[in-house]
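Remarks on the overall topology
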Amino acid sequence: MDTRPIGVFDSGLGGLTAVRELQRLLPGEDIIYFGDTGRVPYGSRSRETIIKYGRQDVAFLRTFDLKAIVIACGTVSTTALDLLAAETPIPVWGVVEPAVRAAADATKNRKIGLIGTQATIRSGAYERMLAGLDPEAEVLSGACPLFVPLVENGRFQPGDLVVETVAAEYLAPFRATGVDTLILGCTHYPLLTDIIGRYMGPGVTLINTGATCARQVADILTRRDALAKPGKAGVSRYYVSDSTEGFAQLAGIFLGRDVGDHVEQVDIWRY
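Residues numbered from 1 in each chain as written. Predicted model: local features only at pLDDT ≥ 70, side-chain atom pairs only at ≥ 80, totals over all residues. Heavy atoms only, no water.

Re the packing of aromatic side chains
This structure, assessed with the given rule, holds 12 aromatic pairs. The interplanar angle of 20° and the centroid separation of 6.2 Å between the aromatic rings of Tyr 33 and Phe 247 together place this pair among those described as stacked. Taken as a pair, Tyr 33 in strand S2 (residues 31-35) and Phe 247 in helix H11 (residues 244-255) lie far apart in primary sequence, 214 residues in all. Take Tyr 33: its relative accessible area is 0%, and that puts it in the buried class. Each residue in the set Phe 34, Phe 60, Phe 64, Tyr 239 and Tyr 271 is aromatic and connected to the rest through ring pairs, giving one cluster. Here Arg 39 stacks its cationic end above the ring of Tyr 53, 3.7 Å away from the centre of that ring. (Phe/Tyr/Trp six-rings, centres within 6.5 Å; stacked < 30°, edge-to-face > 60°. Helix = DSSP H or I, 4+ residues; strand = E, 2+ residues; numbered from the N terminus. Buried < 20%, exposed > 50% of the residue type's maximum accessible area, 1.4 Å probe, protein only. Lys NZ or Arg CZ within 6 Å of the ring centre and 35° of its normal.)

Dropping the structure here:
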């Protein structure tokens, strides 16, 4: 048994896709979430800047006594996971491996699509891992740099002409190629599931990186007997590097619960 919280971080709202699934699977766990809303997006930054930001995010979370840290950010997971894990004395998990395994299991025609930030696509991390699992799989990848700012500004609802137009432009090559599985390689993208799913069609399986990562974390903690006491009600606290009001409103919509006064602003540059 381990009553310490789980730490989760992302560049903004996207990591809430992992938090939502963790809350569903592990309702007794306390969660500390940090969204770096003041510096979002990470995906257009240099590798050096992404590593710097990731280190600061981990340093802030390490001010709490945590049992593990989840990098619920595709950009940091593909760019700096190994480095951050080596520097941190508690387990650090990212979103790439569980998503890749889910995609490899889901595909039937072995044509897999991958969408992500510019940094994620540039890293080649998903492609390398997929090649290791199935060298014959065909992977089509593409960056979708406008998705994150659209989501961060609440533009993720079906019927929004702007985001639907952007999605159609980004996704057209994937539909034309006939992929039957599409990895949403940024944890912001699952907020666009309805729009992406409608465009790609019912024959395409969408892989939610935040949710698959959360399921892996739940499985590992269960096997290690590292969960909180049975019957305990978990508490989630949220920290951001910019306005708490905008985050709280959108977070409440997505999580399906009022985050209320559990959101605080921090100066991430101190870490």
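Moving on from the coordinates now.
Quick look at the packing of helix H1 (residues 16-25) against helix H10 (residues 209-223)
Packed helix pairs are characterised by how far apart their axes lie and by the angle those axes make with each other. It is the contact of H1 with H10, at a shortest axis distance of 7 Å, that shows an interaxial angle of 40°. Considering their axes alone, H1 and H10 lie oblique with respect to each other. The chirality of how H1 crosses H10 is right-handed. Each of Thr 17, Ala 18, Glu 21, Leu 22 and Leu 25 in H1 lies in contact with H10, whose residues at this interface are Gly 210, Ala 211, Ala 214, Arg 215, Val 217 and Ala 218. Classifying every residue of the contact of H1 with H10 by side-chain character gives seven nonpolar, two polar and two charged. (Axes fitted to C-alpha atoms, helices over the stretch in contact; angles between N-to-C directions. Parallel < 35°, antiparallel > 145°, perpendicular 65-115°, else oblique. Left-handed = near helix turned anticlockwise from the far one by under 90°. Contact = heavy atoms within 4.5 Å. Nonpolar A, V, L, I, M, F, W, Y, C, P; charged D, E, K, R; others polar.)

Structural notes on the environment of Ser 141
Within the fold, Ser 141 resides in strand S6 (residues 138-143). The class of Ser 141 is partly exposed, set by a relative accessible area of 30%. Leave out the neighbours within four places in its chain, and Ser 141 touches Leu 114, Ile 121, Glu 127 and Phe 174. A distance of 3.1 Å separates the side chain of Ser 141 from the side chain of Glu 127, its partner in a polar contact. (Polar contact = N/O pair within 3.5 Å; in protein donor to acceptor, adjacent residues only side chain to side chain.)

Focus: the pairing of S2
Burial analysis of S2 places five of its five residues in the buried class, the great majority of the element. Across the two faces of S2 the burial is the same, with Ile 31, Tyr 33 and Gly 35 and Ile 32 and Phe 34 all buried. One ladder, built from five bridges, connects strand S1 (residues 6-10) with S2; its direction is parallel. By the bridge assignment for S2, Phe 9 is matched with Phe 34. With five bridges connecting them, S2 and strand S9 (residues 236-240) associate as parallel partners. Of the residues in S9, the one forming a bridge with Phe 34 is Tyr 239. (Pairing = 2+ DSSP bridges.)

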